[in-house]
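A closer look at the structure
Residue strings, one per chain:
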Amino acid sequence: MEQLTAADQQKRTDLRKMKVVATSFLVGATVIFFGTHAFEGAWVGYVRAAAEAGMVGALADWFAVTALFRRPLGLPIPHTAIIPTRKNMFGKTLGDFVGVNFLSPEVVQDKLRRAGIAERAGAWIKQPDNAERVTNELANVIKGAITVLRDEEIQAVVEHAIVKRVTAQPWGPPLGKLLNQVLTDGAHHKLVDLMCDRAYEWVRDNYDKVSLIVTDRAPTWSPKFVDSLLGDKVYTELVNFAWAVKTDVNHPMRLAVDHFLLEFSTDMQNDPSTMQRAEQVKQQVINHPDVQKLINSAWGTAKKMLIDAAEDPSSELRRRVTQGLITLGTNLTDDPELRAKVDGWLEQAAGYVVSNYRAEITTLITDTVERWDAEETSRKIELQVGRDLQFIRINGTVVGALAGLVIYTVANALF
């Protein structure tokens with residue numbers, strides 16, 4: 001049983017009422033036509049002619065209106081039940097009409113151009129409440145997408161798309177180029193200063209260890225006091241050397257380090273042996289258990305961070321997104337050049353879509369109409385427009401009666 005909404009129920013009631021009214025006009029004309037046979041007089045002919053023509057007009061328009069939706073009296077009269085029998089043709093015609101008149105690139109682009117979407121969107125999105133609302137919706141989308149995605153598949157994508165691509169590229173040349181740039185800019189000097197400072201502090205604070213090294217290396221026949229004097233001398237020289245390296249930025253030791261690093265950066269880019277050793281180091285790093293554990297847990301960590309940030313209204317991510325939207329909206333309203341670019345992109349995108357996918361869009365109309373049941377479609381259309389069509393029947397009765405009266409009057413005047 002077809003379920004009708006309250007609005008459809010009201011339309012069905014109104015349709016029935018109008019059918020009764022239209023039929024009443026036909027019945028009235030019929031009663032008048034037959035009733036005039038009981039009277040005599042010159043006026044009777046005029047009334048009878050008007051009633052007869054009204055009957056003809058009412059019947060003709062009843063037939064025309066009924067033939068749109070069903071076969072009148074169930075008779076297989078040609079070119080009746082037009083909507084049920086030619087439903088698919090109507091759907092194709094409607095699809096073609098929409099495609100030509102509404103989905104042409106010129107029409108769509110002109111509509112977008114006059115709409116000023118970029119400016120209107122900017123004015124709306126720069127309002128903090130609206131920006132916050134968009135951020136909330138984006139957060140819901142992110143949470144929904146993350147929930148739907150399978151962790152093992154995403155982890156596989158991360159490993160394939162990121163890890164394998166990183167490891168597939170040789171590390172030597174890019175690292176060598178980066179090191180060369182760092183050395184050229186002198187950015188490594190602070191690190192060298194730190195190493196020199198720590199080396200000096202270690203030598204200064206480890207007299208016993210330096211002396212012990214000298215004593216252990218001394219010959220067994222060497223007197224102890226000689227070993228002690230030699231240890232003092234070595235310690236003093238080491239302290240002085242470390243101090244000189246620490247305080248003199250042009251010390252030969254520092255220059256030697258710079259020279260070594262420059263040569264090393266060049267070898268990483270050009271020397272096959274050094275490049276091969278860099279690849280071996282890369283594999284050792286990648287295969288290290290801690291690194292593998294980090295890779296395997298990368299998606300889980302990122303997933304948790306994204307969900308936590310999306311659920312927390314005060315998270316840094318959401319604040320940045322909201323502020324970014326406000327900034328974008330402000331730029332769209334204040335910058336005509338940016339606004340023109342965005343509108344141009346929208347027009348081009350819309351033109352491309354309707355040019356390449358217009359047939360697919362209009363097919364939605366034709367396929368949908370084809371799937372409709374013919375009788376059900378006829379009933380639905382009649383429910384929507386049937387009440388107005390009943391006025392055709394009423395007008396046919398009235399106009400037919402007037403036309404019959406005029407014809408009868410002219411005929412009597414002429415003949």
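Residues numbered from 1 in each chain as written. Predicted model: local features only at pLDDT ≥ 70, side-chain atom pairs only at ≥ 80, totals over all residues. Heavy atoms only, no water.

A tally of helices and strands in the protein yields 19 helices and zero strands. Against the globule reference of 22 Å for 415 residues, the protein gives a C-alpha radius of gyration of 47 Å, more extended than a compact globule. Taken across its 415 residues, the protein has 28% of its residues classed as buried. Expressed as a percentage of contacts within the protein between residues at least 6 apart in sequence, the contacts between residues at least 24 apart total 73%. Surface accessibility of the protein: about 27800 Å² in total, with carbon and sulfur atoms responsible for 64%. (Helix = DSSP H or I, 4+ residues; strand = E, 2+ residues; numbered from the N terminus. Rg over C-alpha atoms; globule rule 2.2 N^0.38 Å. Buried < 20%, exposed > 50% of the residue type's maximum accessible area, 1.4 Å probe, protein only. Contact = heavy atoms within 4.5 Å. Areas by Shrake-Rupley, 256 points an atom, 1.4 Å probe, with all protein chains shown as cover.)

Once that is clear, we can look at a nonpolar patch on the surface. Residues Val21, Phe25, Val398 and Leu402 make up a contiguous nonpolar surface patch of roughly 310 Å² in combined accessible area. Elements with a contribution of two residues or more to the nonpolar patch: α1 (6–35) and α19 (374–414). (Patch = residues over 30% accessible without salt bridge, like charges linked within 9 Å, V, L, I, M, F, W, Y side chains within 5 Å. Salt bridge = Lys/Arg side-chain N within 4 Å of Asp/Glu carboxyl O.)

Position of Leu230 among the secondary structure elements: in helix α12 (residues 224–247). Exposure remark for Leu230: the relative accessible area of 44% places this residue in the partly exposed category.

Moving on: the pattern of salt bridges. One pass over the structure, following the stated rule, counts 15 salt bridges. Lys19 is paired through a salt bridge with Glu382; the nearest N and O atoms lie 3.2 Å apart. Of this pair, Lys19 sits in helix α1 while Glu382 sits in helix α19, placing them 363 residues apart in sequence. On the basis of relative accessible area, Glu382 is assigned to the buried category, the value being 6%. In this structure, Arg70 and Glu382 form a salt bridge, with 2.5 Å as the shortest nitrogen-oxygen distance.

Turning to the packing of aromatic side chains, a few remarks are in order. The geometry of two aromatic rings is summed up by the distance between their centres and the angle between their planes. Applying the stated criterion across every chain, the model contains six aromatic pairs. An angle of 85 degrees between the planes, with centres 5.0 Å apart, marks the rings of Tyr46 and Tyr408 as edge-to-face. Taken together, the residues Tyr46 in helix α2 (residues 42–69) and Tyr408 in helix α19 connect sequence positions 362 residues apart. On the basis of relative accessibility, which here comes to 29%, the residue Tyr46 falls in the partly exposed class. Here Tyr200 and Trp243 contribute two aromatic rings whose centre-to-centre distance is 5.3 Å and whose plane-to-plane angle is 55 degrees, an arrangement assigned as tilted. Here Tyr200 is found in helix α10 (residues 189–205), whereas its partner Trp243 is found in helix α12, with 43 residues between them in sequence. Take Trp243: its relative accessible area is 43%, and that puts it in the partly exposed class. (Phe/Tyr/Trp six-rings, centres within 6.5 Å; stacked < 30°, edge-to-face > 60°.)

Of note, Leu73 is a non-glycine position whose phi angle comes to about 60 degrees, a positive value. Positive phi, normally seen in glycine, also occurs at Ala81, with a value near 50 degrees. Looking at the secondary structure, you find Ala81 in the loop between α2 and α3 (82–85). Residue class for Ala81 comes out buried when judged on its relative accessible area of 7%.

Tracing the sequence through the fold places Ala38 in the loop between α1 and α2. Expressed as a C-alpha distance, the spacing of Ala38 and Ala310, which sit 272 residues apart in the sequence, is 89 Å.

Take the packing of helix α6 (residues 117–125) against helix α17 (residues 316–334) next. Interhelical geometry of α6 versus α17 gives an angle of 140 degrees and a closest axis separation of 7 Å. Considering the angle they form, α6 stands oblique to α17. Along this stretch, α6 crosses α17, giving a crossing that reads as left-handed. Counting all contacts with α6, which are made through Ala118, Glu119, Gly122, Ala123 and Ile125, the residues of α17 involved are Leu325, Ile326, Gly329, Leu332 and Thr333. When its residues are assigned to classes, the contact of α6 with α17 shows six nonpolar, three polar and one charged. (Axes fitted to C-alpha atoms, helices over the stretch in contact; angles between N-to-C directions. Parallel < 35°, antiparallel > 145°, perpendicular 65-115°, else oblique. Left-handed = near helix turned anticlockwise from the far one by under 90°. Nonpolar A, V, L, I, M, F, W, Y, C, P; charged D, E, K, R; others polar.)

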